[in-house]
Each structure stands twice: as structure tokens, then as C-alpha cells.
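# Commentary on secondary and tertiary structure
Now for the letters of each chain:
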Amino acid sequence: MKTWRVLRSAPTWTWPALSALIILFLPQLGLPYAATLQVELAAILALVVSGLNLSLGYAGELALGQAAMYAAGAYAAGILSEHGQTDLLLQLAVSGAVALLVGVVTGIPGLRLNSWSLAMTSFFLVLIIPDLLEIFSSQTGGTNGLSGIQAVTLFGITLSSGDLYMAIIVVAVLWFALMRNIVTSRHGIAFQVLKQSPVLATSQGIAVFRMKLAAYALGAIPAGLAGALFANLEQYISPDAFNFTLATSVLAASILGGSASVYGAAVGAAIMQWGPNNSTAFQQYSLIFYGAFLVIGGVLLRGGIARLGRDLLRRLDRAAGVRAAPVPAAGAPREMTPLSGASLAVRGVSKLFGGNQALKDVNLLAEPGKVTAIIGPNGSGKTTLLNMVCGFYRTDQGEITLGKDRLDQLPPHRRARIGISRTFQTPNLPGGITVAEAVSSGRYMTSRASTWSAIFRTPGYRKVRRADLAEADRLLELAGLLHLRDTQAVALPLGMRRMLELARALIAGPRLLLLDETASGLDEDEVDRIASLLTRIRDAGATVILVEHNFRLVLELADHIVVLAHGEVIAEGPPAEIERNPRVLSEYLGTSGESKELTIAEELASIAGDPSLAGDRGEDQ
Ligand SMILES: Nc1ncnc2c1ncn2[C@@H]1O[C@H](COP(=O)(O)OP(=O)(O)OP(=O)(O)O)[C@@H](O)[C@H]1O
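From a predicted model like this one, the values you see are computed outputs, not experimental measurements. (Residues numbered from 1 in each chain as written. Predicted model: local features only at pLDDT ≥ 70, side-chain atom pairs only at ≥ 80, totals over all residues.)

### A word on the overall build of the protein chain
Let me state the cut-off plainly: For helices the rule is a DSSP run of H or I covering at least 4 residues; for strands it is a run of E covering at least 2, with both sets numbered from the N terminus onward. Between the buried cut of 20 or more and the exposed cut of 12 or fewer other C-beta atoms within 10 Å of a residue's own C-beta lies the partly exposed class, and all C-beta atoms are placed from the backbone. Any two residues are considered in contact once their C-beta atoms, placed from the backbone, lie within 7 Å.
Helices and strands together make up the secondary structure of the protein chain, namely 29 helices and 12 strands. Oriented by its inertia axes, the alpha-carbon framework of the protein chain measures out at about 95 × 60 × 45 Å. Split into buried and exposed, the 621 residues of the protein chain put 48% on the buried side. Residue pairs at least 24 apart in sequence account for 74% of intrachain contacts in the protein chain once pairs closer than 6 positions are excluded.

### With respect to the site of the ligand
Counted only if it meets this: For each residue, a C-beta position is placed from the backbone atoms; the residue is near a molecule or strand when that point lies within 6 Å of it. Classes in brief: Ala, Val, Leu, Ile, Met, Phe, Trp, Tyr, Cys and Pro nonpolar; Asp, Glu, Lys and Arg charged; the others, Gly included, polar.
The immediate surroundings of the ligand are formed by F353, N356, A358, G376, N378, G379, S380, G381, K382, T383 and T384. At 3 residues, helix α18 (residues 382–390) tops the list of elements feeding residues into the shell around the ligand. Looking at side-chain class alone, the shell around the ligand contains 2 nonpolar, 8 polar and 1 charged residues.

### Some thoughts on the pairing of strand β4 (residues 356–366)
What counts, and what does not: For two strands to count as paired, DSSP must find a minimum of two bridges between them.
Where strand β3 (residues 344–353) lies against β4, 7 bridges are found, and the strand directions are antiparallel. Along β4, the bridge assignment pairs A345 with L365. Taken together, β3 and the strand that follows it, β4, pair antiparallel across an intervening segment of 2 residues, in which G354 is found at a positive phi of about 60°.

### Some points on the confidence of the model for the protein chain
Put simply, the rule reads: What pLDDT conveys is the predictor's confidence in a given residue, as a value from 0 to 100.
When pLDDT is averaged across the protein chain, the result is 86; 90% of the residues are at 70 or more. Long-range and interchain partners of residues 607–621, a stretch whose pLDDT sits below 50, account for 24 contacts in this model, where long-range means more than four residues apart. Predicted complex metrics record ipTM = 0.96 and pTM = 0.82.

### Some thoughts on the domain arrangement of the protein chain
Rule in force here: In this document the domain limits rely on a domain assignment from an automatic tool or a database.
Here the domain parsing of the protein chain yields domain 1 (16–239) and domain 2 (344–432 + 496–578). Computed over C-alpha atoms, the centres of domain 1 and domain 2 are 46 Å apart. Listed per partner, the contact involves 11 residues of domain 1 and 10 residues of domain 2. At the level of elements, α10 (186–196) and α11 (198–203) are the ones that each hand at least two residues to the side of domain 1 that touches domain 2.

### A look at the nonpolar core
Put simply, the test is: For our purposes the nonpolar core covers buried Ala, Val, Leu, Ile, Met, Phe, Trp, Tyr and Cys residues that link as a set through C-beta atoms within 7 Å.
In this structure, L500 and A503 are the most contacted members of the largest nonpolar core, which totals 177 residues. The element best represented in this core is helix α12 (residues 208–234), accounting for 17 residues. Each of domain 1 (16–239) and domain 2 (344–432 + 496–578) gives at least three residues to this core. Excluding anything up to four places from it in sequence, L500 contacts L429, V435, A438, V439, A479, L481, A489 and L492.

### So, the UniProt feature "transmembrane region" (unreviewed entry) in the protein chain
Stated precisely, the cut-off is as follows: UniProt positions are given in the numbering used here, feature names are shortened, and annotations may be inferred rather than shown by experiment.
Per the UniProt record, "transmembrane region" (unreviewed entry) is found at residues 12–35, 41–59, 88–109, 115–133, 154–178, 213–233, 245–275 and 287–305. Summarising residues 213–233: 100% helix, 0% strand, and an end-to-end C-alpha distance of 31 Å.

### A word on helix α5 (residues 88–112)
Put simply, the rule reads: Helices are assigned an expected span. That span is 1.5 Å times one less than the residue count. We define the bend at any residue as the angle between the axes fitted to the seven residues before and including it, ending there, and the seven starting there.
Taking 1.5 Å per residue, 25 residues should reach 36 Å; α5 reaches 35 Å between its end C-alpha atoms and fits that length. A maximum bend of about 30° is found in α5 at T106, where proline P109 lies one to four positions downstream.

### Some points on the environment of L100
Position of L100 among the secondary structure elements: in helix α5. Accessibility expressed as a C-beta count within 10 Å gives 20 for L100, which makes it buried. Each C-alpha atom of the pair L100 and I221 lies 5.5 Å from the other, and the pair is 121 residues apart in sequence. The contact partners of L100, leaving out residues within four places of it in the chain, are A217, A220, I221 and G224.

Following this line, the structure appears as C-alpha cells:
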């Protein structure tokens, strides 16, 4: 176990780097030629699979088009070579660009239509490869293939087969290093958010379509590079090499290795290359076997071999007492930094769902430095109103403005960028990310760093990331969660998840904070903690809208209450006024409204048989 602790004390990149170095020099270490060829083919397949992992494992889009991008890269390199352009770097650049173009052109319609359409369009893309190659047979050789590929060169020097081996491994290793930089960056976390909840991603200002397209198109690049390497390795390419069986084998390798993993792509590709693709008997029934791999990977091996590896690492770490980096000690409770809230005005807003009038001519004004509570019985339209403010539903009629900005014509991600943050009725936290990463993800759109800066870890990127994490720590300390910053976000109990959502909403420095039943399911202590944090947020100048069933919390916090019933505002005013309003009593509680001497809090307490529901005000009276 001591040895394990020593091994784990090395930087995380040490072992992948060492493995890469060994693979690079395998021929010199005496690997036979036939096995060398298998390593080359596995590295090429790993590149193709890594592209699928980016779109499937990280952005959550099933796409089978990797085979088409691989073909595009291979034919681009092959045609260049036939025309005397044999330089490997030139071919890699052109093949990567051509594959990227194929990715963008096929991704736009596939992703626009949502749901399974990308899987379908990419599936047909693979099916039409032979026809496309036949149409352009004067360039591609049609079904006969392209056989005039010349020996590849680098800066004018012809590469031997040993040199080409090295080139293939270097390209694969470099790509994997860059891909690791993408998925461990703030963009990688945004991909995780997007994959698990497009609604959450949108509410953080992420343009879902553009982000998915970026992942799909980025995934095209390694497939293009792989195509160029394959064309030079085989010096002959034909449509048979890019058929549906290849597309399925790429998918099977991705699922088997673990699609949400960088190194899983290499492991899955290696297994596919050594086992199935290497055996003639297997190739006869390949589709059946790939199907079996997909079932095994999907049902029995969720997360693939990569997940098994991660679990094993964790177990060994626990057994050896390897600890994560110490969490910074919490200092004195931090002051809230001022928040510049803006006035929200909802004027004459209506919403019809089929024949159901969910909202009718609703007016509401929420001011900075104040908590505006929206209450009402179940189905009265509270969440619908919240969803219309943040843009998940379009208004049928009426106008919504935040400060000087008109909102009702804007898509939800643009509204988030204008300064609307929200929490959800059921806390919305993606799996696979830590508490600190979940909170910092709220800054994805407010402080920007390009994907390229993340890939190459430029000083600009590092500065933004440092600020992300420092801000996340500040807000976690405020929410009392700093000691849990490296815990998996989804592992927290409900009360802490709600605090975490609040911290994530705050990190964007919102002009308007929308809270949807933030105290639901919490015990009294947790409600008190949320109330005290919300008071500080309000006092810092935020405009807060609170949709809430917990009347004690509403009375304690709200400066202004708006009461909805059947989609209409039936009363509004300060808490003292609202809790004695007879119409509110009758609509909200379903009572006759005759017992006017009782407040809502007291009525609720008597219905629930729980005096605490009456809160301080109720008890005082
Ligand atoms: N996407 C939708 N499609 C159709 N009807 C909807 C949709 N969303 C809400 N509704 C309907 O609109 C009405 C208002 O629902 P909403 O969820 O806004 O009420 P609520 O006051 O938030 O209720 P609760 O307190 O139970 O969350 C209900 O009749 C609901 O069935």
C-alpha cells in the first residue's frame, strides 16, 4: 500500500505519458511487425472513437457519422497524395478541416431537429458513403477505390514504415492530450451540464444548439486525422473500409471503453482491434457481436471499462489512505458582495396551454433589494409565470422587462445572459461533477474563455479558471458548504443541494434571482439557514422572486406578496395585508373565508395541526 501511495503522489499525467512513451518505442523494444500494424490500427481507431466520445459521452448526442468523417479525411489525404501533395502535416491539416466541414454541414440539420435526428442523419450519412464516392468516381476511384497513394513525406523526407508508426502514435497522443484539456476544462463541465440537463444549461446562458454542434464538430477533427493516417498506412482506400460495420464497431468501442472518458476511447479501440477486428471468424458475424458488445456495455457495464478503472482507483486509494488535497479552512462568514438588482415588470401576460388558461392578464412588479413572493394553490400558475420570465415558455400576450431590457422576445439563454438566474423545484445538479465545479459552472457565460484557450491552457484561460474557483469557494463558504467542495454534487442531501443551487445561481451576479420552492422538503433548521442566506442576498441589493408553499418562510422574508388563483392575480400587497385578505383565505385554503379573525398562517397551522407553521407573526397575535 505504501508503493501505491508513492505511485499516486506523481502528477496525474505521469502514467498516461509513460504509457505513451512505451507504445512509441514498442518496435525498438522488439514488437513483431504484425503486432506493430495492430497498434497502428488501434491508435487510428482510438482517434475515431475519441471523437464519438466527445459528442456522445460529453455532449450527450448519439451520432454514427464518425465513419463518414473518417472517410472524408482518408479521401482528402488520398486525393492530395495522388496529386503529388504527400506531406503528412499538410494532409493532416486538410483532412482535419474537411472532416470538420462534414461535421458542421451534417450536424446543423441533425441537431436542429433535436431528439434522435442526429443519430438518424448521421446513420444515413454512413449508408450513402459508397454512393457519394461513386458519384465523384473520377476523383475517388468509385467502388474500385483509390490505389495511387504515394509514400508519405515530412518536410520533403520520405517516411519509412517505422517513421510512420511514430507519426501515428505522436498524432494520437497529442490529440488525446488536447482532448483531456477540453474535457477537464470549464467547457468540459459545461458539456456535462448540457448532456444531463439542457434546461439547466439554457438557464445558465448556454446556447444548447451551438454547444452541441461544437462538440459534434470538434469530434470530427480526430476522425479526419485518423482518415489521413489510415490512407497513408494502407496506401489504398475503398468504400468497403468505411461501411456500417465500422460505424457500429466505433460505437461498440466507445460504449465498451466508456464514452464519458478520454482514455476509455483508447482502451475500447484496443480491445476492438485486437479481438474482433483481428479475427476472420468474428468478421463473418461482426454485426451480431457488436450488438452483443453494445448490450453488455450498455446494460452490464454502465460507464464502460473506464468506470471500472475509476472505481478500482478509488478503492485502492481508500485502502491506502490516499487523501484528496486538503480543503481550505473556512474563515469568518464572508460578506455578500453587492448585487445590482434590476426591476422586473410583467405587464398583461397571458398563457394558454391548449384549452387551459394557465395565466390570464398577469401584472407584477419586483423591485431590487426586495423579496417578491408568489403564492397560490397548486396549479394556480406560479411555475408557469416563473418559466415565462426566464423564457422556457413564450408569452401569448403581454410584455416582460428587466430594467431597460425587453425579455419576452428573447430565447431563454439570452435572458440568462442578461442577468436572470434561477433554482429549480427539484434541484438540478449534474452527476459526475464536484460541488465546486457545479457552482463554478454558473459562471460559464459571465466570464468567457474560448475553447482554443482551454485546449492550449493559455494564461488567459488559467486566469479565468482561477477566478471561477475562487468565486466558487467564496460562495460555498457563504452557503456553509466549503468543506464539501470536492464531494460529488449529486451525493449531497436535499437541504445542501438547495444551498448549492443558490450558490450556483449567485455566482453569475444575477440582476434577478428566481427561486422555485426553495424550501420544499426541508426541515426547520434548513429552512432557517436558507432564510438567513436569502435575507443577506436581498440586503445585498438583489431582486428576488420567491415561489413558495412554505408560508412561514414567505411571511418572514417577503416584502411584497402576489397571490395567484386560476392563473389570475387575486391579491397583492405586504405580508400583513395579504395574510388577512378574505379572498386569499378562501382561494388559497379552500375555506369559506368567514373566519376573518384568523390569518393564513394560523389557518394553515390548524389544518396541519402544527403550530410552528403559524410562524412568529401568527403566534404573536
Ligand atoms: N407545459 C405545460 N403544458 C400544459 N399545461 C401546463 C404546462 N405547464 C403547466 N401547465 C398547466 O398550467 C397550470 C398552472 O400550472 P403551474 O405548474 O404553473 O402551477 P403551480 O402554481 O406552479 O402549481 P404547483 O404549486 O403545484 O407547482 C396547470 O393547470 C398546469 O396543468
